[in-house]
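Chain by chain, the residues run as shown.
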Amino acid sequence: MEITIERLAKRYGDRPALDPISARIGQGEFVAVVGPSGCGKSTLLMLLAGLLPAGEGRVLLDEVPVDGPPAGVSVVFQDYARSLFPWLTVRRNLALAAVAERPARAELEHRIDRALRSVGLPDTAARFPWQLSGGQQQRVAIARALVAEPRVLLMDEPFAAVDAQTRADLQDLVLRLREEYGVTIVLVTHDVDESVYLADRVLVLSPAPGRVLRDLVVDLPAPRGQLVTKALPRFAELRAEVFRLVMRPVDGAAP
Ligand code: ADP
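Now for a description of the structure that goes with this document. (Residues numbered from 1 in each chain as written. Predicted model: local features only at pLDDT ≥ 70, side-chain atom pairs only at ≥ 80, totals over all residues. Heavy atoms only, no water.)

**Observations regarding the site of the ligand**
And step 1. The local shell around the ligand consists of Y12, R15, A17, P36, S37, G38, C39, G40, K41, S42 and T43.
And step 2. S42 is positioned with one of its backbone polar atoms (N or O) 2.9 Å from an oxygen atom of the ligand.
And step 3. For the shell around the ligand, the secondary-structure elements that each account for two or more residues are strand 2 (15-25) and helix 1 (41-48).
And step 4. A total of three residues in the shell around the ligand trace back to one element, the largest contributor, which is helix 1.
And step 5. Grouping the constituent residues of the shell around the ligand by class yields four nonpolar, five polar and two charged. (Near = heavy atom within 4 Å. Polar contact = N/O pair within 3.5 Å; in protein donor to acceptor, adjacent residues only side chain to side chain. Helix = DSSP H or I, 4+ residues; strand = E, 2+ residues; numbered from the N terminus. Nonpolar A, V, L, I, M, F, W, Y, C, P; charged D, E, K, R; others polar.)

**Notes on the packing of aromatic side chains**
And step 1. Under the defined criterion, the tally for this structure stands at two aromatic pairs.
And step 2. With a centroid separation of 4.9 Å and 40° between ring planes, the pair formed by F85 and W87 is classed as tilted.
And step 3. When the ring of F128 is compared with that of W130, the centres are 5.6 Å apart and the planes differ by 10°; the resulting orientation is stacked.
And step 4. A relative accessible area of 25% means that F128 is categorised as partly exposed.
And step 5. Taking NZ or CZ as reference, R114 lies 4.2 Å from the ring centre of Y181, over its face.
And step 6. The ring of Y197 is capped by K230, whose NZ or CZ atom sits 4.9 Å from the centre of that ring. (Phe/Tyr/Trp six-rings, centres within 6.5 Å; stacked < 30°, edge-to-face > 60°. Buried < 20%, exposed > 50% of the residue type's maximum accessible area, 1.4 Å probe, protein only. Lys NZ or Arg CZ within 6 Å of the ring centre and 35° of its normal.)

**Considerations on the nonpolar core**
And step 1. Judged by nonpolar contacts, the single largest core of 51 residues is most densely connected at I142 and V242.
And step 2. Among the elements that make up this core, the one with the highest residue count is helix 5 (residues 134-147) (seven residues).
And step 3. Look past the residues within four positions of I142 in its chain and what remains in contact with it is V76, V119, M155, L170, L173, V174 and L177. (Core = buried A, V, L, I, M, F, W, Y, C linked by side-chain atoms within 4.5 Å. Contact = heavy atoms within 4.5 Å.)

**Describing the side chain of S195**
And step 1. Note that S195 resides in helix 7 (residues 192-198).
And step 2. From its side chain, S195 meets the backbone oxygen of V192 in a polar contact 2.7 Å long.
And step 3. For S195, the contacting residues outside a window of four places in its chain are A32, V34, T189 and V202.

**A few points about a nonpolar patch on the surface**
And step 1. Among the surface-exposed residues, F85, W87, L96 and V99 lie close enough to one another that they form a single nonpolar patch of about 410 Å² accessible area.
And step 2. Position of L96 relative to the elements: it lies in the loop between helix 3 (90-95) and helix 4 (105-118). (Patch = residues over 30% accessible without salt bridge, like charges linked within 9 Å, V, L, I, M, F, W, Y side chains within 5 Å. Areas by Shrake-Rupley, 256 points an atom, 1.4 Å probe, with all protein chains shown as cover. Salt bridge = Lys/Arg side-chain N within 4 Å of Asp/Glu carboxyl O.)

**Regarding helix 1**
And step 1. Extensive coverage of helix 1 is indicated by the burial of six of its eight residues.
And step 2. By the burial criterion, the buried members of helix 1 are K41, T43, L44, L45, L47 and L48.
And step 3. Directly after helix 1, the chain includes G50, whose backbone phi takes a positive value near 70°.

**Details of the environment of R102**
And step 1. On the secondary structure map, R102 appears in the loop between helix 3 and helix 4.
And step 2. C-alpha of R102 to C-alpha of L146: the two residues are 44 residues apart in sequence and 15 Å apart in space.

**Digging into the side chain of T124**
And step 1. With respect to the element layout, T124 can be found in the loop between helix 4 and helix 5.
And step 2. For T124, the contacting residues outside a window of four places in its chain are V90, L116 and L132.

Have a look at this one:
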């Protein structure tokens, strides 16, 4: 799905959270949104997901305006512990993703098994979330997003609550899923390295209220790999560029 963002803005009360933003995200593209804390990244994602009404402007998915949670869009949040129901098995947690659509039972089972295989957890369907590690729970949350067969995947700091090794594994998992499902991805992160490593483009937002400071094309070769990609001189250049835009200078700190 193509996402068109037209002069989209949002205020909370009389405080502006997002200044007008315009951007176009192509079918199958992977765009990361970075910016300082409080600049409106999560607000932007909630607007894209139709979970918040826009103040001004609009979002279109394949040219259809968003005016509520649209079919074909899944969201993965940071806090997997709160997004999975602890009293339901993994299978039943995943089945919830298709409640609105009500696929036939065999179709639902097929989608659940495929999603669990895709995230590397084929044998966990009968277990409860609390029997899994944090990284595994976030994989289940991602699998649940896949069960709805999304054409757009919106992710809000999805790797922020796990350790560094798990984070790298989950990043590579998302790159694989993008290939496997051909889905358009928008990822909100405050991690500059992560944005450059994963995305085709990085939208850098200004301090609050956010506006687009830079729409940077990440011209790094595919397939990406943690060691190979991050060792490229171009990776270092791009991350330095994003850092420069995101960071405010601190007195006495080296540039
Ligand atoms: P980010 O994700 O970049 O950290 P947010 O989108 O969460 O930024 O928040 C942007 C600004 O809007 C912040 O100042 C935040 O405090 C404020 N804000 C976020 N959600 C609400 C809300 N529901 N009500 C009032 N203010 C909010």
